[in-house]
Amino acid sequence: MDARPGGLLEELADAHALKAAAVLVTVVGVVLEGGRSSDTELAAFVPALHAALEECVGIMAADGER
């Protein structure tokens, strides 16, 4: 396995991060469509959404540097 930046392991990690973000988007979308969540319940998603967004932005930035 290639552990260098831009190698196979990094590609697998990026793919996993993007899949996890897609699942999170789906879950949050379903919750929002339900329209019955309190502000407190919705606020519970903010840290996870922020982390996923930050990771996706990092992936895009790294891709732009290659």
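Heads up: the structure comes first, above all this text.
Reading guide: rules and limits
Residues numbered from 1 in each chain as written. Predicted model: local features only at pLDDT ≥ 70, side-chain atom pairs only at ≥ 80, totals over all residues. Heavy atoms only, no water. Helix = DSSP H or I, 4+ residues; strand = E, 2+ residues; numbered from the N terminus. Rg over C-alpha atoms; globule rule 2.2 N^0.38 Å. Buried < 20%, exposed > 50% of the residue type's maximum accessible area, 1.4 Å probe, protein only. Areas by Shrake-Rupley, 256 points an atom, 1.4 Å probe, with all protein chains shown as cover. Lys, Arg positive; Asp, Glu negative; His and termini not counted. Charge placed at Lys NZ, Arg CZ, Asp CG, Glu CD. Patch = residues over 30% accessible without salt bridge, like charges linked within 9 Å, V, L, I, M, F, W, Y side chains within 5 Å. Salt bridge = Lys/Arg side-chain N within 4 Å of Asp/Glu carboxyl O.

Asker: Outline the overall build of the protein chain, supporting the account with residue identities and numerical values.
Answerer: Within the protein chain one finds three helices and zero strands. The C-alpha radius of gyration of the protein chain comes to 15 Å, more than 25% above the 11 Å expected for a compact globule of 66 residues. When its C-alpha atoms are laid out on the principal axes, the protein chain stretches across 45 × 20 × 15 Å. The burial tally for the protein chain puts 15% of its 66 residues in the buried class. Only carbon and sulfur atoms are counted for the fraction: they give 65% of the accessible area of the protein chain, which is about 5100 Å². Averaging the locations of the 4 positively and 11 negatively charged side chains of the protein chain gives two centres separated by 6 Å.

Asker: Quick one: what's the story with the environment of Glu 10, residue by residue and with numbers?
Answerer: Residue placement: Glu 10 occurs in helix H1 (residues 8-34). On a C-alpha basis, the gap between Glu 10 and Ile 59 in space is 9.6 Å, while along the polypeptide they are 49 residues apart.

Asker: So what's going on with a nonpolar patch on the surface? Which residues, and what values?
Answerer: On the surface, Leu 8, Leu 9 and Leu 12 cluster together to form a nonpolar patch covering roughly 250 Å² of accessible area. Looking at the secondary structure, you find Leu 12 in helix H1. Overall, Leu 12 belongs to the partly exposed group, its relative accessible area being 47%.

It is worth stressing that arrangement in space is one thing and function is another; only the former is reported here.
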